[in-house]
Amino acid sequence: MSGWRAALRIASREARRSPGRSALVIALIAVPVAALSFTAIVHDSTTLTPHEDAARRMGAAQALVSWPYNGPVIQEPTRDFAIPATSAEGEPPSEERLRALLPGTDLVPVERGGVNIRTTAGVGRAGVRMLDLDNPLTHGMVTVLEGRPATTKTEITLSRKAMDRTGATLGGTLTTEDGRTFTVVGVIEEPDRLDNTTVVALPGTFDQAERSWLITTPLPWSKVKELNKSGVAALSRTVLADLPPASERYPEFPDSSELGAEVLVLVAGLAVLEMSLLAGSAMAVGARRRKRDLALVAAVGGSPAHVRRIVLADGVVMGALAALGGVVLGVATAAATRPVVEWLLAERFGAQRFFPSALAALAMLAIITGVLAALVPAWISSRQDVVTALAGRRGITRSRRRWLVLGLTLVATGVAAGVFSAVQMQFVGILIALILTEVGLVLCTPSLLGLLAKTGRWLPVPLRIALRDASRNRTAAAPAISAVMAAVIGAVAVSVILTSQSQQEAGQLAGTMGDVSVFRLDDLSKPGTTPIPASVATAIRNATPATEAHELKLLACDGGQCFAHIRPPADRECPYAHDVLRREPTEAEQNSARADTRCTGVGRTHRYFGTYTTPDGFLVVARPEAIKSLLHLTDDDVPAAQQALRDGKIVVNNPNLLSDGKVLLAIGLQATTTPAPGHATPQRRPAPLAVMTEETARSLGYGVSAFTMYATTTRMPTEQEQDALTAALGGEYEVHVDRPTASDVQQALTILGLVAGLITLAAAALATGLAAADGRKDLTTLAAVGATPSLRKLLSLSQAGVIAGLGGLLGTAAGAASALALLAALNAGYADLWPQPELNPLTIPWPTTTISLLVVPAVAMLGAALFTRSRLPIERRE
Amino acid sequence: MSVLELRDVHRIHGAGETAVNALNGISLTVAPGELVAVMGPSGSGKSTLLNLCGGLDSPTSGQVLVDGTSLQSLSRKQLAAWRRKRIGYVFQNLNLIASLTAAENVALPLDLDGVRKSRRQAEIALSEVDLDGYADRFPDEMSGGQQQRVAIARALIGERRLVLADEPTGALDSRTGETVLRLLRSKVDAGAAAVLVTHDARHAAWADRVVFLRDGAVVDVSSRDQPEELLSTP
């Protein structure tokens, strides 16, 4: 402990002496810790205990049972969803038989379903829950917020979202699409689905609902499995409270592979790295300003270890204060914003909990971050030349070659590990690789700064000074640049992956996101021959931002759909395709297919007009006017394609399908094909699509059946526009809009991207402020030699530009490269698969890239210019 | 035995064409109870000499011995310990660590060694420099003269017998400067040894011996009864 007491004393006093800088360092650590504390508390509060979970799913009952199949079923212990175990059929389910299986229990029915309701915009879908809220067994499943539960089948209660969408009021009415009217007697909420459009009514109020029962008999897992033999699925309170071991569960339901603790540790590691870089930058400046003090300590007998301890003690003190501040702030924010958080998450907390073990770990994390942030400044301070420091000279800053070598080695190792892990789909490995690469780049930054400073001689004075300052003070500048870089890496990488995912999804469509398809409900169950009236096209044009609307039909075979598509000529057909083999390819055949160019892209599934997903391609019957929209043709391609259709040819969007002016028409799974005159347009989309006219279909001996009214749009139609179209068309039609899937992962990635963007701006602003504070002495000198006051602004602007620009440039390059490498590695991983899944498009998201390259430095520079006073500082004598 | 001894010390800064001979064959001895003043124009090597005496810098050749031990034979860590226990520094200004009180500044070498009851020893040391009641004041709550007295108290706390003072009165007015030098003199009279670097011949008059440096070499040595001669030295 020798010297620690003095070190901690100096550190705590120094923290008080420089309140601005201390507050900054503390904030840099405390704010992320507060955010993590907040997240931990929200996670703990929303992770339901078995008792809370049971209350939401089965009220006060002992179990929720359903009887979905006649034969034996298997199920997971935590879900009331079951799948058939065999094809054996037993006696049909009935409530009487259930009573016999569960003697002595009460059976309280609860039902789920859906209904189309009239909304303010038109017609929309609502979820229906039918249960008697006055029955004590249902308590906890649904909460009545206002009014009372429904007591007759003409009464209903609505969720807030349903009230908003329908414009209904308490005591008012709600009308379903089929014209039934109900009195709204209450406002309810489902604790875990606050944003659902939900109608709650008594059982039996609406048809076509799935019925379950609440029961009063406790069901251990053994009893659940016994019930499964009769086709009954059960979610039991007893089972939720004491989950069966894996050996007693059905092996068909393996444990879900949730992200393990090691992933959390690595994510925390990345967070610590980011915080350490930001805080380390501030601490480096602090240590530099105390250079003489530290030299004095050395002069009175302080060893390098003593000096290190003094600077490390800064980290301990700042970390401890940040731990306290961060945890308190996180707890206070979580408690104060609970209603807002519940609204955002669309679910109620199980209870307000505070996750003490996580908070303790986060407090420790803050202290560790503080120490890590002080590590480099401490090491540098302990090695400073005492004589130089006492004389008030800056000394010479040299980059150590060994750090550069180590940095480059880490970058190379990180990239290699990342590629390997991506190919192996090892998430933990990818994270480790990311950390290695980031640390490597951080180590390389000082050398890069030194290199860049050499280019300074050609630059204007402010930029020259800023660049040389950054190079001379690289102990402060390098962490700041690294912090910007690390944040930009995250933002750009996330953006590249999101863009790729979005393009991949769009690439599976035959059309474009935002396209509208309207189907007649009767046609979906049994193809009809009645054309879809032109009024549907008019309704689409009126309700949505439609550009063109065309009726599409399908080839009809024996009164049903033909599932027609075009197959390649025999010499170009993949010999291992399912169509050819009439069975799944063997492993050896898959290996051969991978090496065969004819098989490239074969077997990938595509989505056609919101209804069909097939790997075989698709054929529609349409008028020639539709060809441009359907095949995404350019104006130059259209006349020939339309003429071909008029000439009775089948137009395909893949020239490879055409041979000697013929295409091969295939019907369903039939082995034979029919040659027909064809025309090929350039391939604009990967989804194979063929088009013929009704006249051609009939000339080839086929009938046609109604399919859809298809419209292209100028933008994604809103939910309200979709509701309005559904309402305008009446209950006879279903409206489909191709929308991107918003998965949880995508949402998480989007939030991460936003956070990374904010960190980038914060790091840039911080780094600039610190650089400006560090350069005060130079400004005094500049003033003495006659520099104008505006030079201060220019200098700050240049400092911001150097730090944010360099960080942005490195981060963008590294982020884009690492994300593209990751996607390429994933694609390479697909190389072993056949049929090969849709590859991840390797695209640079230019908006994000431009932001990180230009906007971030520009904003940082603007901030520096706005917040820098032109008055020159008065320096104290040293 | 002398407290400080320099044997044919050379110090060359830089190398090749840019090499500068800061010290050129200096030999010097300081005995207990002796105050040696070092004078000379700027760039004559005064501060380099002091840095070598304190082990903050190493000679290119020659030897520096403190209490009979060659500083070159000590590691960085041992040198630091040597400074904590045997050598005290007083600089021209900013001698004290601003975030520590007077007592804490004085006790710093002891605290770094993990010595218990360092506070008591610091209070005694402060009392010896007539700063009773100033123990809990921070440097910026004291005058320049008071700060220098704190520095002298720190330079002599524990068992230290060698004080190296680099223009300790440079930032003080003449009256305060004289008080500081009187204090230094009294400490030396009580058995310490001191090397005082100064530009001012009147301050040098407090010394037992005055060593005059020029271009890194000793060009003259005068005794304490020749201050007037020193004043007239070009």
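Rules of the game
- Residues numbered from 1 in each chain as written.
- Chains lettered and ligands numbered in written order.
- Predicted model: local features only at pLDDT ≥ 70, side-chain atom pairs only at ≥ 80, totals over all residues.
- Helix = DSSP H or I, 4+ residues; strand = E, 2+ residues; numbered from the N terminus.
- Buried ≥ 20, exposed ≤ 12 C-beta atoms within 10 Å, placed from the backbone.
- Contact = placed C-beta atoms within 7 Å.
- Pairing = 2+ DSSP bridges.
- Nonpolar A, V, L, I, M, F, W, Y, C, P; charged D, E, K, R; others polar.
- Axes fitted to C-alpha atoms, helices over the stretch in contact; angles between N-to-C directions.
- Left-handed = near helix turned anticlockwise from the far one by under 90°.
- pLDDT = per-residue confidence, 0-100.
- Core = buried A, V, L, I, M, F, W, Y, C linked by C-beta atoms within 7 Å.
- Expected span 1.5 Å × (residues − 1).
- Bend = angle between axes of the 7 residues up to and from the residue.

**A look at the overall build of chain A**
Per the secondary structure count, chain A includes 29 helices and 25 strands. For chain A, with 878 residues in total, the buried portion stands at 46%. For chain A, the proportion of contacts with a sequence separation of at least 24, taken over those separated by at least 6, is 81%.

**Quick word on the pairing of strand E14 (residues 546–557) of chain A**
A regular strand places its side chains on the two faces of the sheet in alternate fashion. All names here are of chain A. Summarising the sheet, E14 and strand E24 (residues 703–713) pair through ten bridges and their orientation is antiparallel. Within the sheet, the bridge partner assigned to Lys 553 lies in E24 and is Ala 706. Sheet topology note: the E14/strand E15 (residues 560–561) ladder contains two bridges and is antiparallel. The residue bridging Ala 556 from the neighbouring strand is Gln 561, located in E15.

**A few points about the interface of chain A and chain B**
Taken together, the 26 residues of chain A in the interface contact 25 residues of chain B. Listed by contribution, the elements that provide at least two residues to the side of chain A that touches chain B are helix H1 (4–17), helix H9 (291–299), helix H10 (304–336) and helix H13 (386–390) of chain A. In terms of residue count, H1 of chain A provides more of the side of chain A that touches chain B than any other element does, seven residues in total. Residue composition of the side of chain A that touches chain B, by class: twelve nonpolar, six polar and eight charged.

**With respect to the packing of H9 of chain A against H10 of chain A**
All names here are of chain A. Between H9 and H10, whose axes approach to 9 Å, the crossing angle comes to 145°. Once H9 is placed against H10, the crossing between them reads as right-handed. Across the interface between the two elements, Leu 294, Val 297 and Ala 298 from H9 touch His 306, Val 307 and Ile 310 from H10. Looking at side-chain class alone, the contact of H9 with H10 contains five nonpolar, one polar and no charged residues.

**With respect to the confidence of the model for chain A**
Per-residue confidence for chain A averages 83 on the pLDDT scale, and 88% of its residues sit at or above 70. Contacts for the low-pLDDT stretch residues 874–878 of chain A, under 50 throughout, to residues beyond four places or in other chains number six contacts.

**Describing the nonpolar core**
Grouped together as the largest cluster of nonpolar side chains are 191 residues, with contacts concentrated most on Ile 29 and Val 33 of chain A together with Leu 126, Leu 184 and Val 195 of chain B. Element by element, the count of residues in this core is highest for helix H17 (residues 474–507) of chain A, at 17 residues. Excluding anything up to four places from it in sequence, Ile 29 of chain A contacts Met 275, Ala 279, Met 318, Gly 319, Ala 322, Gly 326, Ala 366, Thr 369 and Gly 370 of chain A. Core analysis: the second largest hydrophobic core is formed by 65 residues, Phe 519, Ala 644, Leu 645 and Ala 666 of chain A among them.

**Here we look at the environment of Asp 738 of chain A**
Residues and elements named next belong to chain A. One can find Asp 738 in the loop between strand E25 (733–737) and helix H26 (744–774). Sequence separation between Asp 738 and Phe 609 is 129 residues; the distance between their C-alpha atoms is 8.0 Å. With near-sequence residues (within four places) excluded, Asp 738 lies in contact with Leu 509, Gly 511, Met 513, Gly 514, Asp 515 and Gly 610.

**Some details on the environment of Arg 13 of chain A**
Looking at where Arg 13 of chain A falls in the secondary structure, it is placed in helix H1. Assessed through the 18 C-beta atoms surrounding it within 10 Å, Arg 13 of chain A is described here as partly exposed. Separated by 301 residues in sequence, Arg 13 of chain A and Asp 314 of chain A have C-alpha atoms that sit 9.7 Å apart. Ignoring anything within four residues of it in the chain, the contact list for Arg 13 of chain A reads Ser 99 and Leu 100 of chain B.

**Structural notes on the pairing of strand E19 (residues 618–621) of chain A**
Residues and elements named next belong to chain A. In E19, alternate side chains face the same way, and those of Phe 618 and Val 620 on one face and Leu 619 and Val 621 on the other are all buried. Pairing geometry for E19 and strand E23 (residues 689–692), over four bridges, is parallel. Residue pairing across strands places Val 621 opposite Met 692, the latter belonging to E23.

**Describing helix H2 (residues 19–46) of chain A**
Counted at 1.5 Å a residue, the expected span for H2 of chain A with its 28 residues is 40 Å, and the 38 Å between its end C-alpha atoms agrees. Helix geometry: H2 of chain A is bent most strongly at Ala 27 of chain A, by close to 30°.

**Focus: the packing of H1 of chain A against helix H3 (residues 102–112) of chain B**
One way to put it is that H1 of chain A packs onto H3 of chain B with a least axis distance of 8 Å and a crossing angle of 140°. Of the residues in H3 of chain B, those in contact with Arg 5, Ala 6 and Arg 9 of chain A of H1 of chain A are Glu 104, Leu 108, Asp 111 and Leu 112 of chain B. In terms of residue class, the contact of H1 of chain A with H3 of chain B is built from three nonpolar, no polar and four charged.

**Notes on the confidence of the model for chain B**
Low pLDDT means the predicted atomic positions in that stretch should not be read closely. Residue and element names in this part refer to chain B. Per-residue confidence for chain B gives a mean pLDDT of 85; residues scoring 70 or more make up 94%. Across chain B, the element-wise mean pLDDT spans from 50 in helix H8 (residues 227–232) up to 93 in strand E4 (residues 61–66). The complex prediction reports pTM at 0.69, with the ipTM value standing at 0.75.

**As for unusual backbone geometry**
Residue and element names in this part refer to chain A. Positive phi values are uncommon outside glycine, yet Ala 346 reaches one of about 60°. Inspection of the secondary structure assignment puts Ala 346 in the loop between helix H11 (338–345) and helix H12 (356–382). Owing to 14 C-beta atoms within 10 Å, Ala 346 belongs among the partly exposed residues under this scheme.

**Side note on the sheet that holds strand E5 (residues 69–70) of chain B**
Residue and element names in this part refer to chain B. What the four strands build is an open sheet, ordered E2-E1-E4-E5; its pairing is antiparallel. This sheet does not close on itself; its edge strands, each paired only once, are strand E2 (20–30) and E5. Sheet topology places strand E1 (residues 4–13) next to E2; eight bridges connect them, and they run antiparallel. The residue bridging Arg 11 from the neighbouring strand is Leu 23, located in E2.

**Quick look at H9 of chain A**
Residue and element names in this part refer to chain A. Counting buried residues along H9, eight of its nine residues qualify, which places the element largely inside the surrounding structure. All of the buried residues in H9 are Lys 291, Asp 293, Leu 294, Ala 295, Leu 296, Val 297, Ala 298 and Ala 299. With its phi angle positive at about 115°, Gly 301 sits one or two positions after the end of H9.

**Section: the environment of Leu 184 of chain B**
Residue and element names in this part refer to chain B. Assignment of secondary structure puts Leu 184 in helix H6 (residues 174–189). Distance in space between the C-alpha atoms of Leu 184 and Pro 168 is 9.9 Å, their sequence separation being 16 residues. The contact partners of Leu 184, leaving out residues within four places of it in the chain, are Leu 35, Ile 152, Val 163, Ala 165, Ala 194 and Leu 196.

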